[in-house]
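Here is what each chain is made of, one letter per residue.
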Amino acid sequence: RETYDQQVQNGYMLRIINKTAEPRRFTLRVDGPAGITFARDPGTIVLPPEEVRTVGVLLTVPAGTLRGRNDIEFVLTSEGDGLTLAESSRFFAPE
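Everything numeric here is computed off the predicted structure, so don't read it as measured data. Per chain, residue numbering runs from 1 following the sequence as it is written. It should be noted that, the model being predicted, local features are given only for residues of pLDDT at least 70 and side-chain atom pairs only at 80 or more, the latter also being counted only at that level, while totals for whole chains, interfaces and linings use all residues. Side-chain figures throughout are based on the complete set of non-hydrogen atoms in the structure, without hydrogens or water.

**Considerations on the sheet that holds strand β7 (residues 84-93)**
Turning to step 1, where the next piece is worked out: Pairing in this open sheet of 4 strands is antiparallel, and the strands run β4-β2-β6-β7 from one edge to the other. Here the strands that pair on one side only, and so sit at the sheet edges, are β4 (45-47) and β7. Ignoring which end each strand starts from, the neighbouring axes of this sheet average 30° apart. Pairing between strands requires that DSSP locate at least two bridges from one strand to the other. Secondary structure elements follow DSSP: runs of H or I no shorter than four residues count as helices, runs of E no shorter than two count as strands, and numbering proceeds from the N terminus. An axis is simply a line fitted to the C-alpha atoms; with a helix, the fit covers only the stretch in contact. Between two such axes, the angle follows the N-to-C directions and lies from 0 to 180 degrees.

Laid out in structure tokens, this is it:
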């Protein structure tokens, strides 16, 4: 969607699962074309043991920066052990 302040935004729902018996703390980043950022920083995501959580995130880019489909990757990193998981997706902008 295009916003009143000349931004293009895409929303995503990410499902995060902690299958361990210990609480885990995660950080999330997005890799992709220059200019794509979180509209709101998701901060540290804390999951108790054996918990599943759906996290909604909103990505934004200045209008006119990107066109069409753009490959992105969400990268989730576990604090403490540095375990990293990446999930591919797409950011859609007007043609």
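**Some remarks on the layout of surface pockets**
Gaps left between atoms are located by rolling a probe of water-molecule size over the structure's atoms.
Turning to step 1, where the next piece is worked out: Grid points spaced at 1 Å over the protein atoms alone were grouped into cavities, where a 1.4 Å probe fits but cannot get out, and pockets, open sets with protein on both sides within 12 Å along at least five of seven lines, with lining residues defined by an atom within 4 Å of a point. Grid points are joined across faces, edges and corners, and a volume is the space filled by probe spheres set on the points. What the largest pocket holds in volume is close to 420 Å³.
Turning to step 2, where the next piece is worked out: In this structure, the largest pocket is lined by 20 residues; those nearest its centre are Arg15, Ile16, Ile17, Leu76 and Leu85.

**Details of the pattern of salt bridges**
Turning to step 1, where the next piece is worked out: Each salt bridge in this description consists of a side-chain nitrogen of Lys or Arg and a carboxyl oxygen of Asp or Glu lying within 4 Å of one another. Under the counting rule described, the total for this entry stands at 5 salt bridges.
Turning to step 2, where the next piece is worked out: Of the charged contacts, one joins Arg29 and Asp31 as a salt bridge, the two residues approaching to 3.1 Å between their closest N and O atoms.
Turning to step 3, where the next piece is worked out: Take Asp31: its relative accessible area is 30%, and that puts it in the partly exposed class. Remark: exposure states derive from per-residue accessible area (1.4 Å probe, protein chains only) relative to the maximum for the residue type, with buried under 20%, exposed over 50%, and partly exposed in between.

**Examining the nonpolar core**
Turning to step 1, where the next piece is worked out: The term nonpolar core refers to a set of buried residues drawn from Ala, Val, Leu, Ile, Met, Phe, Trp, Tyr and Cys, joined through side-chain atoms within 4.5 Å. The biggest cluster of nonpolar side chains holds 21 residues, and the ones touching the most others in it are Leu59, Phe74 and Phe91.
Turning to step 2, where the next piece is worked out: Breaking this core down by element, the ones donating at least two residues are β1 (7-17), β2 (24-31), β4, β5 (52-62), β6 (68-78) and β7.

**Examining the pairing of β5**
Turning to step 1, where the next piece is worked out: Bridge count for β1 against β5 is 11 bridges, and the pairing is antiparallel. Pairing of Val8 across the sheet is with Val61, part of β5.
Turning to step 2, where the next piece is worked out: Where strand β3 (residues 37-38) lies against β5, 2 bridges are found, and the strand directions are antiparallel. Residue pairing across strands places Phe38 opposite Leu59, the latter belonging to β5.

**Some words on the environment of Val52**
Turning to step 1, where the next piece is worked out: Within the secondary structure layout, Val52 lies in strand β5.
Turning to step 2, where the next piece is worked out: In this structure Val52 touches Arg15, Ile16 and Ile17, once residues within four positions along its chain are discounted. What makes two residues a contact is simply this: any of their non-hydrogen atoms within 4.5 Å.

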